[in-house]
Amino acid sequence: MPTPGNDPRQDVTPADADVSPADVVATEPHTEPPTPTVRRAVATQRRAASTPDVETGPVTLAQVKPGTDLAFKSATGISAGMIVAVVGFIALFLLALAVPSLMRNNANFLTSNEWDLGQNFRFGILGLLWTTVFSSIIAMMIAVPIAIGVALLITHYARGRLANVVGFMVDLLAAVPSVVYGLWGLRILGPTLVPLGEFLTRILGWIPFFKPGLLPSPGTVFTASTVLAIMILPIVTSISRDVFAQTPRDHIEAAWALGATKTEMIRTAVIPYGRSGVTAAAMLGLGRALGETVAVMIILSTVQDLNFSIFDGGETFAARIANGAGELDSADKTGAYIAAGLVLFVLTFVVNAFARTLANAGKVKA
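1. Notes on unusual backbone geometry
- Non-glycine residue Phe121 carries a positive phi angle of around 50°.
- Along the chain, the position of Phe121 falls in the loop between β1 (115–116) and β2 (122–123).

2. With respect to the packing of helix α5 (residues 161–172) against helix α7 (residues 221–245)
- One way to put it is that α5 packs onto α7 with a least axis distance of 8 Å and a crossing angle of 140°. It follows from the interaxial angle that α5 and α7 lie oblique. When you trace α5 past α7, the crossing you get is left-handed. Here α5 contributes Gly167, Val170 and Asp171 to the contact with α7, which in turn contributes Pro234, Thr237, Ser238 and Arg241.
- Here the contact of α5 with α7 is built from residues that sort into two nonpolar, three polar and two charged.

3. Comments concerning the packing of aromatic side chains
- Going through the model one piece at a time under the given rule, you end up with nine aromatic pairs.
- Here the aromatic residues Phe109, Trp115, Phe121, Phe123 and Tyr337 are joined through ring pairs into a cluster of three or more.
- A cation over an aromatic ring shows up here: Lys262 above the ring of Tyr157, its NZ or CZ 5.0 Å from the ring centre.

4. Some remarks on α7
- Its 25 residues give α7 an end-to-end C-alpha distance of 35 Å, which sits within 8% of 36 Å, the value for a rise of 1.5 Å per residue.
- The principal kink in α7, of about 40°, is found at Ile232, preceding the proline Pro234 by one to four residues.
- Burial within α7 is extensive, with 19 of its 25 residues counted as buried.

5. Notes on the nonpolar core
- One finds Trp115, Leu117, Phe123 and Phe317 to be the most contacted residues of the largest nonpolar core, which totals 49 residues.
- Secondary-structure elements contributing two or more residues to this core are α3 (67–104), α4 (126–157), α6 (178–204), α7, α9 (262–291), α10 (294–299) and α12 (331–361).
- The element that contributes the greatest number of residues to this core is α12, accounting for ten residues.
- If sequence neighbours within four positions are ignored, Leu117 has contacts with Phe123, Glu327, Lys333, Ala336 and Tyr337.
- One finds Ala151, Phe244, Ala260 and Val270 within the second-largest nonpolar core, a separate group that totals ten residues.

6. Section: the confidence of the model for the protein
- Confidence in the prediction for the protein averages 80 pLDDT; 80% of positions are at 70 or higher.
- Confidence drops under pLDDT 50 across residues 1–30; counting only partners more than four residues distant or on other chains, this segment forms eleven contacts.

7. A short note on the pattern of salt bridges
- For the coordinates displayed, the defined rule picks out six salt bridges.
- Notably, a salt bridge pairs Arg104 with Asp332, separated by 2.0 Å at the nearest N-O pair. Taken together, the residues Arg104 in helix α3 and Asp332 in helix α12 connect sequence positions 228 residues apart.
- The exposure class assigned to Arg104 is partly exposed, which follows from its relative accessible area of 45%.
- Note on Asp332: relative accessible area 22%, which makes it partly exposed.

8. Some details on a nonpolar patch on the surface
- Residues Ile83, Val87, Val346, Phe349 and Val350 make up a contiguous nonpolar surface patch of about 460 Å² in total accessible area.
- Where the nonpolar patch is concerned, the elements lending two or more residues are α3 and α12.
- Among the secondary structure elements, Val346 is positioned in helix α12.
- For Val346, a relative accessible area of 41% corresponds to the partly exposed category.

9. Comments concerning the environment of Ala339
- Along the chain, Ala339 turns up in helix α12.
- When neighbours within four sequence positions are excluded, Ala339 is seen to be in contact with Ala98, Leu102, Phe109 and Phe123.

10. Looking at the environment of Tyr273
- As for its placement among the helices and strands, Tyr273 is situated in helix α9.
- Sequence-wise, Tyr273 and Phe244 are 29 residues apart; in three dimensions their C-alpha atoms are separated by 7.6 Å.

11. Looking at the side chain of Ser101
- Within the secondary structure layout, Ser101 lies in helix α3.
- Other than its neighbours up to four places away in sequence, Ser101 contacts Phe121, Phe123, Ala331, Asp332, Gly335 and Ala336.

12. What to know about the packing of α6 against α7
- Close contact between α6 and α7 brings their axes to 9 Å; oriented N to C, the two are set at 130°. Relative to α7, the element α6 lies oblique. The handedness of the crossing between α6 and α7 is right-handed. Along the contact surface, α6 presents Ser178, Tyr181, Trp184, Gly185, Leu189, Gly190, Leu193 and Leu196, while α7 presents Phe222, Thr223, Thr226, Val227, Ile230 and Met231.
- For the contact of α6 with α7, a count of residues per class yields nine nonpolar, five polar and no charged.

13. Concerning the side chain of Glu315
- With respect to the secondary-structure elements, Glu315 resides in the loop between α10 and α11 (317–323).
- Polar contacts involving the side chain of Glu315 include one to the side chain of Arg320, which spans 3.0 Å.
- Polar side-chain contacts of Glu315 include one of 2.9 Å to the side chain of Asn323.

Procedures and definitions
- Residues numbered from 1 in each chain as written.
- Predicted model: local features only at pLDDT ≥ 70, side-chain atom pairs only at ≥ 80, totals over all residues.
- Heavy atoms only, no water.
- Helix = DSSP H or I, 4+ residues; strand = E, 2+ residues; numbered from the N terminus.
- Axes fitted to C-alpha atoms, helices over the stretch in contact; angles between N-to-C directions.
- Parallel < 35°, antiparallel > 145°, perpendicular 65-115°, else oblique.
- Left-handed = near helix turned anticlockwise from the far one by under 90°.
- Contact = heavy atoms within 4.5 Å.
- Nonpolar A, V, L, I, M, F, W, Y, C, P; charged D, E, K, R; others polar.
- Phe/Tyr/Trp six-rings, centres within 6.5 Å; stacked < 30°, edge-to-face > 60°.
- Lys NZ or Arg CZ within 6 Å of the ring centre and 35° of its normal.
- Expected span 1.5 Å × (residues − 1).
- Bend = angle between axes of the 7 residues up to and from the residue.
- Buried < 20%, exposed > 50% of the residue type's maximum accessible area, 1.4 Å probe, protein only.
- Core = buried A, V, L, I, M, F, W, Y, C linked by side-chain atoms within 4.5 Å.
- pLDDT = per-residue confidence, 0-100.
- Salt bridge = Lys/Arg side-chain N within 4 Å of Asp/Glu carboxyl O.
- Patch = residues over 30% accessible without salt bridge, like charges linked within 9 Å, V, L, I, M, F, W, Y side chains within 5 Å.
- Areas by Shrake-Rupley, 256 points an atom, 1.4 Å probe, with all protein chains shown as cover.
- Polar contact = N/O pair within 3.5 Å; in protein donor to acceptor, adjacent residues only side chain to side chain.

Right, dumping it as structure tokens:
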């Protein structure tokens, strides 16, 4: 028995220097358990003993071939350049054909409401510009709130089959031809809206926008605007739905964690995140409304005098060009209609540029 002062583990001879920690543990069954350091050392020795010596040579990296990336980048650049070139060509084409007719015009092109391409050759776009912009704005005021509500219903309230059915029915509106919308608006919707128009003229007739029209006809700007609202509803709803569905789950869960109700969660998390997308969708819908031709041409009753009431008739740029297609028998008359088309082109370009600016300004910064 070793004495307390003569512990054998303290007498380490030179021969014991080559003994591994594992041998020490094996020869002393009554000693304390090995420490983590000893266990790691034993594991390292065992792995080293079981791993064969493999001679590794220098690593050869594959040579980078930029040809494919360069070709793809060139193809995308050419595609973008072609789009810009086409738009620029259209603008130059319209400008080149419109300038000679504008030089011969005997009326102010921007402030006149005349359209006489005979011997007097006087034409202006004031009435066309007013009807086009005003009907499109009214259509946006009707369509955008409904589109946002439908998009929120599909993404955050309705579930399963109901959401699919509602989404399918809204998308189906985009498949209806414009001529069908025009005939339906003239024969069905227009007469239905006549009592509402009479009520609004009695209540708000002191406002120029709501004063009685000059023609007792359902083919008013108000009817055309309502039909335009239905026509642009699928575009705004579809884009808004996709934007709302992409709201980060962290934002939604954070609103729930703060004790927000579902309405508060949508108001504080979903709508702020999708504001830029909804704005872009609304501007795309506005561009669609500005360029609509057949439906507006069928519905609107043509009037000679300019009246700023929504319960009167009028004519848009697209409707005027479509109605006057039979008069394109000379360069001067053709140039007059192309000048109107040039204004519509510039107006649509400005709307899309404004939409892009608002969308970029409203993006959520990461």
